[in-house]
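Results of the structural survey
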There are 2 protein chains.
Amino acid sequence: MRGVIMHAPGDVRVEERDDPKIIEPTDAIIRLSATCICGSDLWPYRGADDVHDAPMGHEYVGVVEEVGAEVKTVRPGDFVIGSFWASDNTCEICRAGYQSHCVHRVLMGTIGTQAERARIPLADGTLVATPGMPDDELIPSFLALSDVLGTGWFAAVAAEAGPGKTVAVVGDGAVGLLGVLAAKQLGAERIIAMSRHAGRQALAREFGATDIVAERGDDGVAKIKELTDGLGAHSVIEAVGTQEAMMQAINSARPGGHVGFVGVSHDVEISGELMFGTGIHLHGGPAPVRRFLPDLIQLIWDRKIDPGKVFDLTLPLDQAADGYKAMDERRATKVMLTV
Amino acid sequence: MRGVIMHAPGDVRVEERDDPKIIEPTDAIIRLSATCICGSDLWPYRGADDVHDAPMGHEYVGVVEEVGAEVKTVRPGDFVIGSFWASDNTCEICRAGYQSHCVHRVLMGTIGTQAERARIPLADGTLVATPGMPDDELIPSFLALSDVLGTGWFAAVAAEAGPGKTVAVVGDGAVGLLGVLAAKQLGAERIIAMSRHAGRQALAREFGATDIVAERGDDGVAKIKELTDGLGAHSVIEAVGTQEAMMQAINSARPGGHVGFVGVSHDVEISGELMFGTGIHLHGGPAPVRRFLPDLIQLIWDRKIDPGKVFDLTLPLDQAADGYKAMDERRATKVMLTV
């Protein structure tokens, strides 16, 4: 089958890879309907993470082709969605809603779902089938659910977005934008998107942002304070992963407020004094997307949300390299690869 | 009046100070029944914080002598307790339960309650009267409530201690010990006190600890994991303020678990990667003791808890210097000063 390999930073190629096979009796093999490039794939692409001949991709939707002997909840022919962490969904950590930290978790990025087919470990715990075969127009939204929607949703939940709350969102990538959508769905009263990019501002507004702040860093914090009677936001979503973004997020929250962070942290240091002094709640990490799959599948199936709008460039899998380049140059927010 | 002045690290003297006067119409003057020395007073005593001719003390209980023209809720003759942060208890931050971050807050440490009398700003918001004049034997417990009990309680709440939870407590000072008591009262199933000091271990057990772990650092973390099926504690209280204690706390919590930290952070750095990787919740800072005063006053009044047991040395105010020395040398957990 064809699949994406990143040989080195900036060097992405689509090549012939071995077809996946059932290894464990809990595995399933899916034929991908679509896959995509993640903002976090840009870390190795830009040399910030080590990479060497690695299969790429951890987002996926598709049709089950084959299941191992112990798989009970999905069958060949089912259209399924899973998260970027495979999880058993039965361990104590999973049952507490932290499937991304499952004691048996497998990182899908090590399998590489930017490909025609993929092996999904722990299929019963990982995959959730849609109510039926979705229309093609729903595919982008289901694909978004595999990571960016689930991650934005977790960030909003971690930030305790909800009725009566003012939510600030740091980061205008796909995750930040879907954090806006999640905050809106969770009932937030006011949603401040921090973005200086006209197209992303527009999508943020479409997803529910009530205010846009173009300033960054200390100026951005000052603006958030100005919009919140000097107190700061109740809830802040951090969806970047840099020191500047984390400081902007923490300092934009009011005392007792909540910062939900999902940007993959790179060289971020948080001083204990800052945490002590601000009195905020900090929670984040890899989103337990599996926790949210059933509810979010239904919202998409019922066409109540349209997260697929974050895909502003669609390319065939063979042109994956162009997709990486477009995201790296910020010409595209999120690239879908059709298989 | 007599009051404690710290002239420099290690140089504590009881001297004549001006009697406090009503400055704002929202002030009250109290005559202290007792005051005490806080673990955080040891930071300047040991030279870790700057100090120069500073009045000391931020914990207090006593009888109201005089109130400003606008004070409505307490009257001369009332026995009152307040927190180490004076707060209006009416601003948006106070109403959300974060009185220690009140927009009008005043740090009592700048006033210095290791003295015969003290001015209490924002008296209506800050002070809560007991149901009547307490018996002398209750004074230590009410005094503990002014900071260490309220702080330990907040840590336990921030760590989401509760039924079915395993709670680990890092720090065996007065705050850590009262964190044990709080976790017990909040219904925690299992409480692991981390201490290598026999006397403190015994008090921890008396307050509700079910297990004692003497190991520290990585060994302590390994022990907590061993006691929790390899997962870590649901809730961890950090009551020290050092890098080692914070790392021990974060690494002792399970994914999705909660760390409540109340040790005054000194040179603590928390990496974003650690926060991302562990998936814990982190919340802490100066405890909003005021939030808990009414309920905890009642628990003490009804003799359901006895937090005053953390005082293992009682001295007259004039011997404050001996009290500092005893705490610095860890000969005493917590020193009460009678006035």
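Residues numbered from 1 in each chain as written. Chains lettered and ligands numbered in written order. Predicted model: local features only at pLDDT ≥ 70, side-chain atom pairs only at ≥ 80, totals over all residues. Heavy atoms only, no water.

- An unreviewed UniProt entry lists chain A under the name Zinc-dependent alcohol dehydrogenase family protein, with Gryllotalpicola koreensis as the source organism.
- Regarding chain A, the relevant UniProt record gives this comment under Sequence similarities (unreviewed entry): "Belongs to the zinc-containing alcohol dehydrogenase family."
- Taken verbatim from the UniProt record of chain A, the Cofactor (unreviewed entry) comment is "Zn(2+)". (UniProt positions renumbered as here; feature names shortened; annotations may be inferred.)

1. Side note on unusual backbone geometry
Residues and elements named next belong to chain A.
- Positive phi, close to 55°, is recorded for Asp 229, a residue that is not glycine.
- Positive phi values are uncommon outside glycine, yet Asp 267 reaches one of about 55°.
- Accessibility expressed as a relative area gives 69% for Asp 267, which makes it exposed. (Buried < 20%, exposed > 50% of the residue type's maximum accessible area, 1.4 Å probe, protein only.)

2. Some details on the UniProt feature "domain: Alcohol dehydrogenase-like N-terminal" (unreviewed entry) in chain A
- What UniProt calls "domain: Alcohol dehydrogenase-like N-terminal" (unreviewed entry) maps, in this numbering, to residues 25–122 of chain A.
- Between the end C-alpha atoms of residues 25–122 of chain A the distance is 9 Å, and the span holds 8% helix and 31% strand. (Helix = DSSP H or I, 4+ residues; strand = E, 2+ residues; numbered from the N terminus.)

3. Details of the relation of the copies chain B and chain A
- Of the transformation placing chain B onto chain A, the axial shift is 0.0 Å and the rotation is 180°, giving an RMSD of 0.0 Å. Read as a symmetry element, the transformation amounts to a two-fold axis.
- Counting the interface residues of chain B, we find that 100% of their copies in chain A are interface residues as well, pointing to one common contact surface. (Least-squares fit on C-alpha atoms with pLDDT ≥ 70 in both. Contact = heavy atoms within 4.5 Å.)

4. Overview of the domain arrangement of chain A
Residues and elements named next belong to chain A.
- Annotation of chain A at the domain level lists domain 1 (2–147 + 288–338) and domain 2 (153–284).
- When each unit is reduced to the centre of its C-alpha atoms, the spacing between domain 1 and domain 2 is 26 Å.
- Listed by partner, the interface residues are 21 residues for domain 1 and 21 residues for domain 2.
- The junction of domain 1 with domain 2 conceals about 1,600 Å² of combined surface from both sides, 67% of it contributed by carbon and sulfur atoms.
- When the buried surface of domain 1 facing domain 2 is broken down by residue, Trp 43, Arg 330 and Thr 333 rank first, second and third, together holding 32% of it.
- Inspection of the domain 1/domain 2 interface yields two salt bridges.
- Our count for the domain 1 to domain 2 interface comes out at five residue pairs in polar contact (both at pLDDT 80 or more).
- By residue number, the principal contributor to the side of domain 1 that touches domain 2 is helix α11 (residues 289–301), which donates four residues.
- Partitioned by chemical class, the residues of the side of domain 1 that touches domain 2 number twelve nonpolar, two polar and seven charged. (Domains from an automatic or database assignment. Buried area = accessible area lost by both parts, 1.4 Å probe. Salt bridge = Lys/Arg side-chain N within 4 Å of Asp/Glu carboxyl O. Polar contact = N/O pair within 3.5 Å; in protein donor to acceptor, adjacent residues only side chain to side chain. Nonpolar A, V, L, I, M, F, W, Y, C, P; charged D, E, K, R; others polar.)

5. A closer look at the side chain of Asp 78 of chain A
- Turning to its location among the elements, Asp 78 of chain A is positioned in the loop between β5 (61–67) and β6 (79–81).
- Excluding anything up to four places from it in sequence, Asp 78 of chain A contacts Gly 62, Val 63, Val 64, Thr 73 and Ala 129 of chain A.

6. Comments concerning the UniProt feature "domain: Alcohol dehydrogenase-like C-terminal" (unreviewed entry) in chain A
- Per the UniProt record, "domain: Alcohol dehydrogenase-like C-terminal" (unreviewed entry) is found at residues 174–270 of chain A.
- Taken as a whole, residues 174–270 of chain A contains 44% helix and 26% strand, while its terminal C-alpha atoms sit 25 Å from one another.

7. Notes on the packing of helix α5 (residues 148–158) of chain B against helix α11 (residues 289–301) of chain B
All names here are of chain B.
- It is the contact of α5 with α11, at a shortest axis distance of 10 Å, that shows an interaxial angle of 110°. Between α5 and α11, the angle falls in the class roughly perpendicular. Facing α5, whose interface residues are Leu 149, Gly 150, Thr 151, Trp 153, Phe 154 and Val 157, α11 presents Val 289, Arg 291, Phe 292, Leu 296, Leu 299 and Ile 300.
- In the contact of α5 with α11, the residues fall into nine nonpolar, two polar and one charged. (Axes fitted to C-alpha atoms, helices over the stretch in contact; angles between N-to-C directions. Parallel < 35°, antiparallel > 145°, perpendicular 65-115°, else oblique.)

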